[in-house]
Amino acid sequence: MSTLIIFGLLITLMLTGMPISISLGLTVLTFLFTMTDVPIESVALKLFTGIEKFEIMAIPFFILAGNFLTHGGVAKRMINFATSMVGHWHGGLGLAGVLACALFAAVSGSSPACVVAIGSILLPAMVKQGFPPRFGAGVITTSGALGILIPPSIAMVMYSVATNTSVGQLFMAGVIPGLMLAGLLGFTTWYRARKFGYPRLPKASFAQRMQALRESFWGLSLIVLVIGGIYSGIFTPTEAAAMSAVYAFIVAVFIYKDLTLKQVPKVLLDSASMSSMLLYIITNAVLFSFLMTSEGVPQAMASWLIDAGLGPIAFLLAVNVILLLAGNVMEPSSIVLIFAPILFPVAVALGIDPVHFGILIVVNMEVGMCHPPVGLNLYVASGITKMGITELTIAVWPWLLTMLVFLGLVTYVPAISLWLPKTLGMM
């Protein structure tokens, strides 16, 4: 009964158009004040202890690094490198977009940042070269979603905070699924470009490729710095985030010189604004999780599902359906922080690996970012392309279908997620 009241209250508040973070906080306070005898002091205590985790510090640092790179011309050089490598294939610029998004994802940790950085440069170039605007929008909107699957990933840090799973293991587990999805999106792009006879670029010479690699070297080195540093144990994911922020600042301001010192305060302010919004959502989600646990909701759900004889296969299918439906009305960070603590105990009880479960949730979040009505990438792409959400929804469907097929693969083939961390001896 308390579960119905809690979720009923939350949904009602969300339907009024109230921000999710405030809806979560108000739901918790209303329920605690009127229906429980939990001392209200514990709420204040939980507010502070909830975000007093070392891993959470990674979020503002990755956001800051992403903003330095977005404003600092790194994306432009990555696009040039990607174009020199695959531009001569069918749909060359589209394929370059997928590759550039994969590379930028490995330094930014954010999907919207990927869409903005790559899309704002590549989409006008694609239209100019003769690609239909819908084709370019479909490629960039969906490839931008790689930002939360290829490590470092802000969504993975949030899952780690919600379930106490190792961030390092999650980062390594995201590498192969990320590369696989990039390959599948690239194949969809190539197939459609070949089918409709979209333009190709002249093949770049070896010298041109080397030149593009040299120009993008400093941006690409950040991938090695972050992933290599975490794997070799030189620093933790949080320290890697701080390192990447400092590195991105040096590259953007002193090496590429695309960002002046006068512009740095604006980048810092934008990053602080984005970080505070996410941290506010996390704080309220931690409160909501505390309320759910104190009311015994996750435990009751776990025992109910196990008593109902729901095996791992049926449970994972149910999880995908729940998360895809949630993706219709909520943005990814809120979904991870609300649903992970509820579904996680059930997954563990059914013998599902926590790291595999985390990757499955992240892939669901990727799909959610690309479909209406709340698909974050759709809104970002809409701002760049000046296309309506309905038109963009039609544009992304071939790639969205590819992502759904991939979701099925990740769900039922755990080895895709677990092979690399196990091979590296991290699990």
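By convention here, each chain's residues receive numbers from 1 onward along its written sequence. Totals for whole chains, interfaces and linings use every residue, but because this is a predicted model, local features are given only for residues with pLDDT of at least 70 and side-chain atom pairs only at 80 or more, for both listing and counting. To obtain the side-chain values, all non-hydrogen atoms of the structure were included, while hydrogens and water were left out.

The protein has the name TRAP transporter large permease protein in an unreviewed UniProt entry, where Vogesella aquatica is given as its organism. UniProt positions are given in the numbering used here, feature names are shortened, and annotations may be inferred rather than shown by experiment. Taken verbatim from the UniProt record of the protein, the Subcellular location (unreviewed entry) comment is "Cell inner membrane". The record in UniProt for the protein states the following under Subunit (unreviewed entry): "The complex comprises the extracytoplasmic solute receptor protein and the two transmembrane proteins."

A.B. asks: Even after reading the chapter, I still don't get the nonpolar core, so can you show me in this structure?
C.D. replies: The nonpolar side chains of a soluble globular protein tend to be buried, and buried together. The biggest cluster of nonpolar side chains holds 147 residues, and the ones touching the most others in it are Phe104, Ile118, Phe315 and Phe357. Each helix is a run of DSSP H or I of at least 4 residues and each strand a run of E of at least 2, with the numbering of both proceeding from the N terminus. Ranked by residues supplied to this core, first place goes to helix α6 (residues 92-108) with twelve residues. Ignoring sequence-local partners within four residues, the contact set of Phe104 consists of Gly66, Leu69, Thr70, Ala75, Met78, Ala113, Cys114, Ala117 and Ile118. For this analysis, a nonpolar core means a set of buried residues of the types Ala, Val, Leu, Ile, Met, Phe, Trp, Tyr and Cys, connected via side-chain atoms within 4.5 Å. Exposure is judged per residue with a 1.4 Å probe applied to protein chains only, and the accessible area is read against the type maximum: over 50% gives exposed, under 20% gives buried, and values in between give partly exposed. Contacts: residue pairs with any heavy atoms within 4.5 Å of one another.

A.B. asks: Hey, could you run me through the pattern of salt bridges in this one?
C.D. replies: When their charged atoms lie close together, side chains carrying opposite charge are able to pair. Here a salt bridge means any side-chain nitrogen of Lys or Arg lying within 4 Å of a carboxyl oxygen belonging to Asp or Glu. Under the defined criterion, the tally for this structure stands at three salt bridges. Where Lys266 meets Asp270, a salt bridge forms, and the shortest distance between an N and an O atom there is 3.0 Å. Within this pair, Lys266 and its partner Asp270 are both found in helix α14 (residues 264-294), separated by four residues, close to a single helical turn. Taking the relative accessible area as the measure of exposure, Lys266 reaches 54% and is therefore exposed. Classification of Asp270 as partly exposed rests on a relative accessible area of 29%.

A.B. asks: How should unusual backbone geometry be read in this particular structure?
C.D. replies: Leaving glycine out, the prevailing phi sign among residues is negative, and the prevailing peptide bond configuration is trans. For the bond running from Pro151 to Pro152, omega is 0°, close enough to zero to count as cis. The residue Asn164 is not glycine, and still its phi comes out positive at about 60°. Of note, the phi angle at Lys386 is positive, near 60°, even though the residue is not glycine.

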